[in-house]
Amino acid sequence: MSDIVFLLISGLLILSCLGVCISKNLVHSAVCLFFALFLIAGYYIMLYADFLAAVQVIVYVGGILVLIIFGVMLTNRLEKPSINISSMNQFLAGFLCLFLFLIQCFAIFNGKWISSNSEIINNSSEAIGRLI
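Residues numbered from 1 in each chain as written. Predicted model: local features only at pLDDT ≥ 70, side-chain atom pairs only at ≥ 80, totals over all residues. Heavy atoms only, no water.

Describing the packing of aromatic side chains
- Overall, the coordinates contain three aromatic pairs when judged by the stated rule.
- Their ring planes at 40° and their centres at 5.6 Å tell us that Phe 6 and Tyr 43 sit as a pair that is tilted. With Phe 6 in helix α1 (residues 2–22) and Tyr 43 in helix α2 (residues 26–46), this pair connects stretches of sequence that are 37 residues apart.
- For Phe 6, a relative accessible area of 40% gives the class partly exposed.
- Among the residues examined, Tyr 43 registers a relative accessible area of 22% and is labelled partly exposed.
- A network of ring pairs unites the aromatic residues Phe 34, Phe 35 and Phe 38 as a single cluster. (Phe/Tyr/Trp six-rings, centres within 6.5 Å; stacked < 30°, edge-to-face > 60°. Helix = DSSP H or I, 4+ residues; strand = E, 2+ residues; numbered from the N terminus. Buried < 20%, exposed > 50% of the residue type's maximum accessible area, 1.4 Å probe, protein only.)

Re the packing of α1 against α2
- For the pair α1 and α2, the least separation of the axes is 8 Å and the interaxial angle reads 155°. The orientation of α1 with respect to α2, classified from their angle, is roughly antiparallel. α2 is crossed by α1, and the crossing has left-handed handedness. Touching Ser 2, Val 5, Phe 6, Ile 9, Ser 10, Leu 12, Leu 13, Ser 16, Cys 17, Gly 19 and Val 20 of α1 are Ser 29, Cys 32, Leu 33, Phe 35, Ala 36, Leu 39, Ile 40, Gly 42, Tyr 43 and Met 46, all from α2.
- By residue class, the composition of the contact of α1 with α2 is 15 nonpolar, six polar and no charged. (Axes fitted to C-alpha atoms, helices over the stretch in contact; angles between N-to-C directions. Parallel < 35°, antiparallel > 145°, perpendicular 65-115°, else oblique. Left-handed = near helix turned anticlockwise from the far one by under 90°. Contact = heavy atoms within 4.5 Å. Nonpolar A, V, L, I, M, F, W, Y, C, P; charged D, E, K, R; others polar.)

Shown next as structure tokens:
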């Protein structure tokens, strides 16, 4: 069951990140970023890191994203903004991203993954509180 949830979150996160990168409307891109940040909090919940999930939602979704949306809405009222999105560096950036992706795939499929036998802490915020 957890594999299905992980694959569902991963698929939605990939679609949301593509929406951030591909969307030509800044408001739509900010909304896709909103969903991406929430889905990352879902990863933290799956890892039993509820404190990190709460911090992700409060800091990034509640703070940073609100600032981004306000910035987009304030600059959206400019008359005839000329944003030139075509660049000669797009080919180089695409090649670099593909190269880094292939390196990550190589590391994932050829690396030795060691599983630990440590106990899963049921409440990570309690453990963080005790350590503090």
